[in-house]
Structure formats: C-alpha cells, structure tokens
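# Summary of the model geometry
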Amino acid sequence: MGEVYKKTVKVSLQDCDMQDRMSASSILKNSQQASIEHCKNLNASKDYYRNNGLVFLLAQVSLEFYKNPRSDDVLSVVSEPFRPLRAIHYRYTEFLDAKDNFCFASVDSRWVLVDIKRKRIVRQPPTDLMFKNASECVKKHPHKLQRSSDVILIGRETATYSRCDVNHHLNNAEYANIIFDYLPTEVLKEKFPRRMLICYRKEIPLGREFELFLSESENNYYFLGANHEEKYFEVNVVF
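Residues numbered from 1 in each chain as written. Predicted model: local features only at pLDDT ≥ 70, side-chain atom pairs only at ≥ 80, totals over all residues. Heavy atoms only, no water.

### Comments concerning the nonpolar core
Ranked by size, the top nonpolar core spans 46 residues in total, and within it Leu-63, Ile-179, Leu-183, Met-196, Phe-223, Phe-233 and Val-237 carry the most contacts. Element by element, the count of residues in this core is highest for helix α3 (residues 172-182), at six residues. With sequence-adjacent residues up to four places away left out, Leu-183 is seen in contact with Leu-188, Tyr-221, Phe-223, Val-237 and Phe-239. (Core = buried A, V, L, I, M, F, W, Y, C linked by side-chain atoms within 4.5 Å. Buried < 20%, exposed > 50% of the residue type's maximum accessible area, 1.4 Å probe, protein only. Helix = DSSP H or I, 4+ residues; strand = E, 2+ residues; numbered from the N terminus. Contact = heavy atoms within 4.5 Å.)

In structure tokens:
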C-alpha cells in the first residue's frame, strides 16, 4: 500500500463554469491543495520551504475528464505521491463520487524541487521531504505533447496581480483559465475536453506580458505561450 491522502470536498457554484461543470482550474486548485496538505504531514509547511530556500515547481500536469462534477456534488479526493524518478516527483490525484467511487477526473502532476539561490533542480531531496511508504509503481497518464509549428497569434496576456501566487508567478491553475478563454465558446457549450496537458517551460513573473499562439485540428488544440525567444508553456487540449 502506498502513501495516500484523502479528503472530501463539496463543489460550489464558484468552482463551476457557465454550464455548471467543475472547471479545470478548480480541479487543479483542489489537486494542489491536497498535495500541500499531505506534505504538511511531513511538517513541510511554507515556512520549511522558505527557511531552507526550496520550492516545488510544477513541470507538467495532465488532466483527464470522464464525467463532469456539478455544483453541490460531494467528491472524495484521493491523492498519492510516488518515489522520485530522475528528479521528478510524481503525484496522482483522483476525484471520485463520494457515494459509489465513480471517477470524475484524474490529475497526473509532475514536480521538481528547486534550490532558489542556486536556481538549480535538487536531484537528491532531503530525507524529511520523502514519503517513506511511497510506491515506486507510478500511476500516470500519457505525457507526449503533440506540437505544431503552424501556429497563429490569437492574443496577448499578462501575469496580472490577481493571477499570481505567493511566488509572484502566474498561478499553475490560471494557465487552464487562460486556455479555456481561447477555446471556442460554442464547442464548450456542447462538450467538455476529454484531456488537457500543460507543460510549464518557464515561470511567468508578475507583470510579464506574453503572446498566445494556436494550432487547431479536428478535436485537437495546441497552444503556445511565448515572448520573443522565450517559451513559457505549451498545452494540448483534446475533445
């Protein structure tokens, strides 16, 4: 048995989109919150990271949607970390119906631990950041990004104050909000994506402007967030 963290959440209206479906960003926020709470069981609070000059940064996250939770649904959130592999910290989170354990959605998140002063990835994490009972058999989604060089400029965005987190960077969940704002509204009214993969290439600091590019094929969307020669993120959305 691995190291599993469980909690119950009730979906509120503010968690949902205009079709009363729990939004991708709300699922990401709840997934990250479960991770934070689980790490506190190791006494790894925000003070621990600050005092040791460390931060966990999300490298990639994959979301798979099987059925949409609605407002007032009560969900069982089950989150499991795994032993790090080549400096990548894996965590798999499922959003289950609290009554019959039907899975609404799952999140495969992959983190890296960074030494803030040296600006380097920590390849050998401190022992007090290791879950002793974590399994080596990693649960995961396919993480193969489908790129396209045939992209068009569709908009410009800014890492504004309300979009940034305590690290003064664009919050991980805000990427999903931005992407959904550029998906066709008429398509979203009819159906929700089956899958979303976000690859974070470089942090977007408070106030930074960037351009958003899109390549679209049938039921597939590729997004690129960039600024001049800097690539900030890439996203696949599949309906």
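### Describing the pairing of strand β5 (residues 103-115)
Most of β5 is tucked away: 12 of the 13 residues are buried. Strand direction decides the pairing type here: strand β4 (residues 89-97) and β5, joined by eight bridges, are antiparallel. Residue Arg-91 lies in a different strand from β5, and its bridge partner there is Ser-109. In textbook terms, the turn of a hairpin is the stretch between consecutive antiparallel strands, and for β4 and β5 this stretch comprises five residues, one of which, Asn-101, has a positive phi near 65 degrees. Pairing between β5 and strand β6 (residues 120-121): two bridges, direction antiparallel. What sits directly across from Asp-115, in β6, is Arg-120. Hairpin connection from β5 to β6: four residues lie between these consecutive antiparallel strands, with Lys-119 at a positive phi of about 55 degrees. (Pairing = 2+ DSSP bridges.)

### Examining the layout of surface pockets
In this structure, the second largest pocket spans a volume of roughly 280 Å³. For the second largest pocket, the lining is made up of 17 residues, of which Asp-17, Met-18, Phe-180, Asp-181 and Leu-188 are closest to its centre. Only α1 (24-40), α3 and α4 (185-190) provide two or more residues apiece to the lining of the second largest pocket. Per-element accounting of the lining of the second largest pocket gives the leading share, four residues, to α3. Residues that form the lining of the second largest pocket fall into these classes: eight nonpolar, five polar and four charged. (1 Å grid on protein atoms, 1.4 Å probe; cavity = no way out; pocket = protein on both sides within 12 Å on 5 of 7 lines; lining within 4 Å. Points joined across faces, edges and corners; volume = space filled by probe spheres on them. Nonpolar A, V, L, I, M, F, W, Y, C, P; charged D, E, K, R; others polar.)

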